[in-house]
Each structure stands twice: as C-alpha cells, then as structure tokens.
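Overview (structure and organization)
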Amino acid sequence: MTSHQNTQTMKPATAAKKLGVYLEATPADFQEGVVSRTELNELQANPPAWLQELRKNGPHPRPVVAQKLGISIAGLARGGITDPLTTEQIDVLKQELPEWLQKERATQAEVRKETVRIKERDAERARRDENA
C-alpha cells in the first residue's frame, strides 16, 4: 500500500471567512476557484494588495463589522444592519452612536462580565475539588 498526501482544499466562501473578508468583494479568480491550505497560509502570511485593501477599507462581512463595533452579530441584526459595511460606514456609526448601538454595546459588556464571572467560578470550583 502506498500512501499519498491529498492536498486539502476549501471553497472560496470558507477561505474568505478564514481571511475575514467579504467573498463578493474578492477578485473573480478567488471566487471561482478552490483554495488549498498552502495558498490560504500564503495569503495570511503575505497578503496581496487586494486582500490588504479589503481588510483595511472593506466591505467587511458581518462578523468583522460586529467586532469593529464591539457588539454581537445578533446585535447587528437587531440594529437593522444586514449588509456588509465599509470601514467608513462603520466609523460613521461609531461617531453617530445611535441608541441601538449604545444598547448593544452595553449588552455585550454585560455578556463579557458574565463570561468572566462564570470562568472564575468554575476555576474556583476546580481548585476546591483538587483540594478535597
């Protein structure tokens, strides 16, 4: 039996997600092909100009928009944001700070505090169990 190594490939949508870019804004050859793990690693290590431009100015996919605004993806939807946004549009939202964005940021802060509290509680329980 001979073993041969298959090249691991992924769909363009998966590669775009891993790169943090909006697929529809990528070049046609990226959208129409498949991306190998090696190619993905090369894109991450040495991003071409189109990738640098997309990461800097967008349009950005919803996970990136949510992260840049400091809210959850669900919070974006509650705020009526369903389309990709450019960096400029995100900056305008940050400056205008609409009521929905303020509320979502407060909600996200509470979620983060609760996550830390639970993590600390679980760590304390683990310490007690070790000493018992």
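Note on numbering: residues in each chain are counted from 1, in written sequence order. Where local features are concerned, this predicted model is filtered to residues with pLDDT of at least 70; where side-chain atom pairs are given and counted, the filter is 80 or more; whole-chain, interface and lining totals use all residues. With hydrogens and water excluded, all non-hydrogen atoms of the structure serve as input to the side-chain values.

1. Structural notes on the overall build of the protein
Note the cut-off: Helix and strand definitions follow DSSP, with helices as H or I runs of at least four residues and strands as E runs of at least two, each counted in order from the N terminus. Just to be clear, the radius of gyration here is over C-alpha atoms, and the globule rule we use is 2.2 Å times residues to the power 0.38. Type-normalised accessible area, obtained with a 1.4 Å probe on protein chains alone, sets the label of each residue: buried when under 20%, exposed when over 50%, and partly exposed for intermediate values. The criterion used for residue contact is that any of the two residues' heavy atoms lie within 4.5 Å. Surface accessibility in these figures is a Shrake-Rupley result with a 1.4 Å probe; residues are shielded only by whichever protein chains are displayed. We score Asp and Glu as negative and Lys and Arg as positive, and we do not count His or the chain ends. A single reference atom marks each charge: NZ on Lys, CZ on Arg, CG on Asp, CD on Glu.
The number of helices and strands found in the protein is eight helices and two strands. Taken from N to C terminus, the helices and strands of the protein fall in the order β-α-α-β-α-α-α-α-α-α. Relative to its length of 132 residues, the protein is extended, with a C-alpha radius of gyration of 20 Å against a globular reference of 14 Å. A buried classification covers 25% of the 132 residues belonging to the protein. Across the protein, the fraction of contacts at a sequence separation of at least 24, relative to all contacts at a separation of at least 6, is 56%. Carbon and sulfur atoms provide 50% of the accessible area of the protein, an area that totals close to 9,400 Å². For the protein, the distance from the average position of its 20 positive side-chain charges to the average position of its 19 negative side-chain charges is 5 Å.

2. A look at the side chain of T87
With respect to the helices and strands, T87 occurs in helix 7 (residues 87-96). The exposure class assigned to T87 is buried, which follows from its relative accessible area of 17%. Residues contacting T87, with those up to four places away along its chain left out, are K56, N57, G58 and H60.

3. Topic: the pattern of salt bridges
Pairs can form between side chains of opposite charge once their charged atoms are near each other. Filter applied, for reference: Salt-bridge detection follows one rule: a side-chain nitrogen of Lys or Arg within 4 Å of a carboxyl oxygen of Asp or Glu.
Considering all chains together, one arrives at six salt bridges under this definition. E110 serves as the salt-bridge partner of K113, at 3.5 Å between the closest nitrogen and oxygen. One end of the pair, K113, and the other, E110, are both in helix 8 (residues 99-131), three residues apart, so they sit about a helical turn from each other. The class of K113 is exposed, set by a relative accessible area of 53%.

4. Here we look at the nonpolar core
Selection rule: Residues belong to a common nonpolar core when they are buried Ala, Val, Leu, Ile, Met, Phe, Trp, Tyr or Cys residues joined through side-chain atoms within 4.5 Å.
M10, A15, A16, L19, V21, L23, F30, V35, L40, L43, L51 and L54 together form the largest nonpolar core, which totals 12 residues. Those elements that place two or more of their residues in this core are helix 1 (12-19), helix 3 (37-45) and helix 4 (49-57). Residue contributions to this core peak at three residues, all from helix 1. When neighbours within four sequence positions are excluded, A16 is seen to be in contact with V21, L23 and F30. Among the nonpolar cores identified, the runner-up in size contains 10 residues, and V65, L69, L76 and L101 belong to it.

5. As for unusual backbone geometry
Cis peptide bonds are those with omega within 30 degrees of zero, and the linkage from G58 to P59 qualifies with 10°. Along the chain, the position of P59 falls in the loop between helix 4 and helix 5 (62-69). In the Ramachandran plot, L97 falls in the positive-phi region, its phi being about 45° despite a non-glycine side chain. By secondary structure assignment, the location of L97 is in the loop between helix 7 and helix 8. On the basis of relative accessibility, which here comes to 29%, the residue L97 falls in the partly exposed class.

6. Overview of the side chain of Q108
You can see Q108 is positioned in helix 8. When its relative accessible area of 17% is taken as the criterion, Q108 is described as buried. The contact partners of Q108, leaving out residues within four places of it in the chain, are G70, I71 and S72.

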